[in-house]
Amino acid sequence: MRASKLLAAIMFVSALTGCETTPTKSPSGYKQPTSPGGFTYQEIQSKSVQLRPGMSRSEVQALLGPPTDTSAGVYGGGTSRPWNGLTWHYRFGFSFLHVDFADEGGSYLLNSWEW
């Protein structure tokens, strides 16, 4: 009976120590997550102040690089004039930049953005 308790204790400790819950650092230090364009959260945050309503998708991509992912839908459903829209998402862990474009006659132009 005593041997089985000891074995159970060893297995319990092994299970706990085998489960790493904090990220390890590489020899060069912590590597910040980057966007698909290679920009860090701080770089995208600094660049986002240059966003202006009416910018084209190509202008936004030239500034921020490609998005992490995209979504599309009908926006403004509670208004008298809903519109087709496209959202670009830039994801950095728990921080997100959402960049919304409105369809303006076949061209998607920057409508709004939010962190």
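Preceding block: the structure.
Residues numbered from 1 in each chain as written. Predicted model: local features only at pLDDT ≥ 70, side-chain atom pairs only at ≥ 80, totals over all residues. Heavy atoms only, no water.

1. Points about the sheet that holds strand β3 (residues 95-104)
And step 1. Across the sheet, which stays open at both edges, the four strands sit in the order β1-β2-β3-β4 with antiparallel pairing between neighbours. What marks the edges here is a single partner per strand, and that holds for β1 (69-75) and β4 (107-114). Ignoring strand direction, the axes of neighbouring strands in this sheet form an average angle of 30 degrees.
And step 2. Sheet analysis places strand β2 (residues 83-92) next to β3, joined by eight bridges and oriented antiparallel. Residue pairing across strands places glycine 85 opposite alanine 102, the latter belonging to β3. (Pairing = 2+ DSSP bridges. Helix = DSSP H or I, 4+ residues; strand = E, 2+ residues; numbered from the N terminus. Axes fitted to C-alpha atoms, helices over the stretch in contact; angles between N-to-C directions.)

2. Concerning helix α3 (residues 57-64)
And step 1. Listing the buried residues of α3 in full gives Val60, Leu63 and Leu64. For α3, the angular spread of buried residues about the axis comes to 80 degrees, placing them on one side. Opposite the buried face of α3, by more than 90 degrees, sit the exposed residues Ser58 and Ala62.
And step 2. Just downstream of α3 lies glycine 65, where phi reads positive at about 85 degrees. (Buried < 20%, exposed > 50% of the residue type's maximum accessible area, 1.4 Å probe, protein only. Arc of directions from axis to C-beta.)

3. Notes on the pattern of salt bridges
And step 1. Inspection of the entire model under this criterion finds one salt bridge.
And step 2. A salt bridge links arginine 91 to aspartate 69, with the shortest nitrogen-to-oxygen separation between them at 2.7 Å. Linking arginine 91 in strand β2 with aspartate 69 in strand β1, this pair joins segments that are 22 residues apart in sequence. (Salt bridge = Lys/Arg side-chain N within 4 Å of Asp/Glu carboxyl O.)

4. Quick word on the side chain of threonine 40
And step 1. Its place among the elements puts threonine 40 in the loop between α1 (2-18) and α2 (41-48).
And step 2. The residues touching threonine 40, leaving out its near neighbours within four places in the chain, are Gln32, Pro33, Thr34 and Phe92. (Contact = heavy atoms within 4.5 Å.)

5. Digging into the packing of aromatic side chains
And step 1. As enumerated under the stated definition, the model contains four aromatic pairs in all.
And step 2. Plain terms: the ring middles of tyrosine 41 and tryptophan 115 are 5.3 Å apart, the flat faces sit at 80 degrees to each other, and that makes the pair edge-to-face. Separated by 74 residues along the polypeptide, tyrosine 41 in helix α2 and tryptophan 115 in the segment after β4 bring together distant segments of the chain.
And step 3. Overall, tryptophan 115 belongs to the partly exposed group, its relative accessible area being 36%.
And step 4. Ring geometry for tyrosine 75 and tryptophan 83: centres 6.5 Å apart, planes at 20 degrees, overall stacked. (Phe/Tyr/Trp six-rings, centres within 6.5 Å; stacked < 30°, edge-to-face > 60°.)

6. Quick word on the pairing of β2
And step 1. The element β2 is extensively covered by neighbouring structure, given that seven of its ten residues are classed as buried.
And step 2. Bridge count between β1 and β2: seven bridges; the pairing is antiparallel. Across the sheet, valine 74 pairs through a bridge with asparagine 84, a residue of β2.

7. Here we look at the nonpolar core
And step 1. Of all hydrophobic cores here, the largest spans 14 residues; its most connected members are Val60, Leu64, Tyr90 and Val99.
And step 2. For this core, the secondary-structure elements that each account for two or more residues are α3, β2 and β3.
And step 3. Looking at this core element by element, the count peaks at four residues for β2.
And step 4. Among residues more than four places away in sequence, those in contact with valine 60 are Leu51, Met55, Gly65, Trp88, Tyr90, Val99, Phe101 and Leu110. (Core = buried A, V, L, I, M, F, W, Y, C linked by side-chain atoms within 4.5 Å.)

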